[in-house]
Amino acid sequence: MKRWIWIVGLLVLVGGGFFAFQSGTLPGASQSATAIAEQTTAATEPLMTANLATTANIVADARLVPVRRTDLSLPVGGIVAEVLVAEGDHVDAGQPLVRLDANQQQVAVARAQADLQGAQARLAELTAAPRPQEVASAQAALRAAQARYDQLAEASLPGDVAAAEAALSGSQASLAKVLEGASDQQLIAARADLANAAATLQQAQRAYDLVKWRNDLAALPQSSALQQATNAYEAAQARLADLERGASQADIAAASAQVQRAQAQLAALRTGMTPQMTAAQADVQTAQAQLELLNAGPRAETIAVAEAEIAAATSALQQAYVALGETELRAPFAGVIAALETEVGEQATPGATLIRLADLTQWEVETEDLTELDITALKAGMNVDLTFDAIPDLEMSGAIKRIRPIGQDNRGDIVYTVLITPAQQDDRFLWNMTAAVTVR
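Summary of the structure given here. (Residues numbered from 1 in each chain as written. Predicted model: local features only at pLDDT ≥ 70, side-chain atom pairs only at ≥ 80, totals over all residues. Heavy atoms only, no water.)

Quick look at the packing of aromatic side chains
- Applying the stated rule across the entire model yields 2 aromatic pairs.
- Arranged with centres 6.4 Å apart and planes meeting at 80°, the rings of W363 and F429 form a pair that is edge-to-face. Of the two residues, W363 sits in strand β8 (residues 355–367) while F429 sits in the loop between β14 (418–422) and β15 (434–439), which places them 66 residues apart along the sequence. The pair formed by W363 and F429 is uniform in burial state, with each residue classed as buried.
- For the pair F388 and F429, a centre-to-centre distance of 5.1 Å together with 45° between the ring planes defines the contact as tilted. Highlighted residues: F388 in strand β10 (residues 383–388) and F429 in the loop between β14 and β15, separated in sequence by 41 residues.
- Given the relative accessible area of 4%, F388 is considered buried.
- Ring pairing ties together the aromatic residues W363, F388 and F429, which thus form one cluster. (Phe/Tyr/Trp six-rings, centres within 6.5 Å; stacked < 30°, edge-to-face > 60°. Helix = DSSP H or I, 4+ residues; strand = E, 2+ residues; numbered from the N terminus. Buried < 20%, exposed > 50% of the residue type's maximum accessible area, 1.4 Å probe, protein only.)

Next comes the structure, spelled out in structure tokens:
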């Protein structure tokens, strides 16, 4: 605007000089330099005064835009299966707008649910108290073994000392193997599983660190992937610890009972006790150990492994739900569908705008051509006058709401956007209506 004022002033000055030349008033040979200067000053003083008065007001082109507006897209691609709205529809916050074909995501959710239910069932089986029928069966086995031993105790049969010695050696070897714990191959495999889980955890952590600054971090797949990798790592640790810890007291007790039975059998042979009695005595000890093992319940390490499997399955299910949710576009706030950019059957591209949503109850005016020469005279809170090309009978005041701090190049001029709040709203307002802003 200022450039046009100076150009008009220059044209007036040149035209005035040309008129003076035509009328014979320009200084000739008989006019002095002083007279020429006086005539020039007299011609330009009204122009300078008019220019200063004109620049007191700044006029800028602008347009109406909704205060709250957004372009909606989906983070994943796919075939559009449903378009649930039309242009001009009023929608509520959270209302579904567009759905993609989600057959694969639904299958993934069902599979993750089944895996979680299986892990929960395994933990429930481990932690459940023994059923009365199981306890009764173990008690009956103990009573039967005791009765058989009592019956044989009344008789004496010839035995074989060599066989009893061999049986003792075998049971002692079995006890030694139990005490040795897991084999080297089992430990190597468990350590390899732990190393693989650690590598996966590191990779998931690096992916998580790249997006941990985002506000929607909890809904991102990187968050679920990190949790799943952490659970898998803890499960591998628990399995390795279980192997390294060795046999449980119940396992050792059972193997020891076998040794004791063989020892008793050998001692009975050497002292006149029959092998049948020795075997019956060992059966009694075995039945007793089985009953104690049943009442003792599972080992804490076994429960820890089952709990880790549940955590991993839960994380996988959450990730599947997130993936399913990403196939549905919902309204982030209540408003009007201003533009619909997709149809059923089209291929949706990740990040591409599908719907333009706006709240058409609150409007603001956005300037487009305030240059760097104008913007320094403006500040937030200043009053302005607003007129609208499409509504010539409407004039109102407004206030500068905000000045965007970064300018943009507009065909060689650096222009700044100023947002203005009109003093009133009007039902005739439409998106991108042109307006004129005059700064007082």
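Notes on the sheet that holds strand β9 (residues 370–371)
- On the basis of which strands lie adjacent, the open sheet formed by 3 strands has the order β9-β13-β12 and antiparallel pairing. For this open sheet the edge positions go to β9 and β12 (408–410), each flanked by a neighbour on one side alone.
- Sheet topology places β12 next to strand β13 (residues 413–416); 3 bridges connect them, and they run antiparallel. Paired with N410 across the strands is D413, a residue of β13. (Pairing = 2+ DSSP bridges.)

A few points about the sheet that holds strand β4 (residues 96–100)
- The strand order across the open sheet built from 4 strands is β5-β4-β2-β7, with neighbouring strands paired in antiparallel fashion. Both edges of this open sheet fall to β5 (328–330) and β7 (347–348), since each of them pairs with a single strand only.
- Examined bridge by bridge, strand β2 (residues 78–83) and β7 share 2 bridges and lie antiparallel to one another. Among the inter-strand pairings, I79 is bridged to a residue of β7, identified as Q347.

A closer look at the environment of E328
- Its location among the elements puts E328 in strand β5.
- Between the alpha carbons of E328 and P75 there is a distance of 9.9 Å; along the sequence they are 253 residues apart.
- Ignoring any residue separated from it by four or fewer positions in sequence, one finds E328 in contact with L74, P96, V98 and R99.
- A distance of 2.4 Å separates polar atoms of two side chains, one belonging to E328 and the other to R99. (Contact = heavy atoms within 4.5 Å. Polar contact = N/O pair within 3.5 Å; in protein donor to acceptor, adjacent residues only side chain to side chain.)

So, the pairing of strand β1 (residues 58–72)
- Here 6 bridges tie β1 to β15, and the two strands are oriented antiparallel to one another. Note on β15: the bridge partner recorded for R63 is T434.
- When β1 meets β8, the two strands line up antiparallel, connected through 10 bridges. Bridging from a neighbouring strand, R69 pairs with A358 of β8.

Examining the packing of helix α4 (residues 132–152) against helix α9 (residues 275–296)
- With their axes 8 Å apart at the nearest point, α4 and α9 run at an angle of 165° to one another. With respect to their mutual orientation, α4 and α9 come out roughly antiparallel. The handedness of the crossing between α4 and α9 comes out as left-handed. Each of E134, V135, A138, Q139, A141, L142, A145, Q146, R148, Y149 and L152 in α4 lies in contact with α9, whose residues at this interface are Q276, M277, A279, A280, Q281, D283, V284, A287, Q288, L291, L294 and N295.
- Residue composition of the contact of α4 with α9, grouped by class: 14 nonpolar, 6 polar and 3 charged. (Axes fitted to C-alpha atoms, helices over the stretch in contact; angles between N-to-C directions. Parallel < 35°, antiparallel > 145°, perpendicular 65-115°, else oblique. Left-handed = near helix turned anticlockwise from the far one by under 90°. Nonpolar A, V, L, I, M, F, W, Y, C, P; charged D, E, K, R; others polar.)

Considerations on α4
- In this model α4 runs 30 Å from its N-terminal to its C-terminal C-alpha over 21 residues, within 8% of the 30 Å that 1.5 Å per residue would give.
- Those residues of α4 not exposed but buried are V135, A138, L142, A145, Y149 and L152. All buried residues of α4 lie within an arc of 130° about the axis, which places them on one face of the element. Opposite the buried face of α4, at more than 90 degrees from it, the exposed residues are P132, Q133, R143 and Q151.
- Here the buried face of α4 lies against α9. (Expected span 1.5 Å × (residues − 1). Arc of directions from axis to C-beta.)

Re the nonpolar core
- The biggest cluster of nonpolar side chains holds 25 residues, and the ones touching the most others in it are V365, L378, L386, F388, I420 and F429.
- For this core, the secondary structure elements donating two or more residues are β1, β8, β10, β11 (391–403), β14 and β15.
- Setting aside anything within four residues of it in sequence, one finds I420 in contact with E364, V365, T367, V384, L386, G398, A399, I400, K401 and V437.
- In terms of nonpolar packing, the next biggest core, distinct from the first, is built from 16 residues, V80, A331, I337 and I355 among them. (Core = buried A, V, L, I, M, F, W, Y, C linked by side-chain atoms within 4.5 Å.)

Some thoughts on the pairing of β15
- Relative to β15, β10 is paired through 5 bridges, and the arrangement is antiparallel. Across the sheet, the residue bridging to F388 is A435, located in β15.

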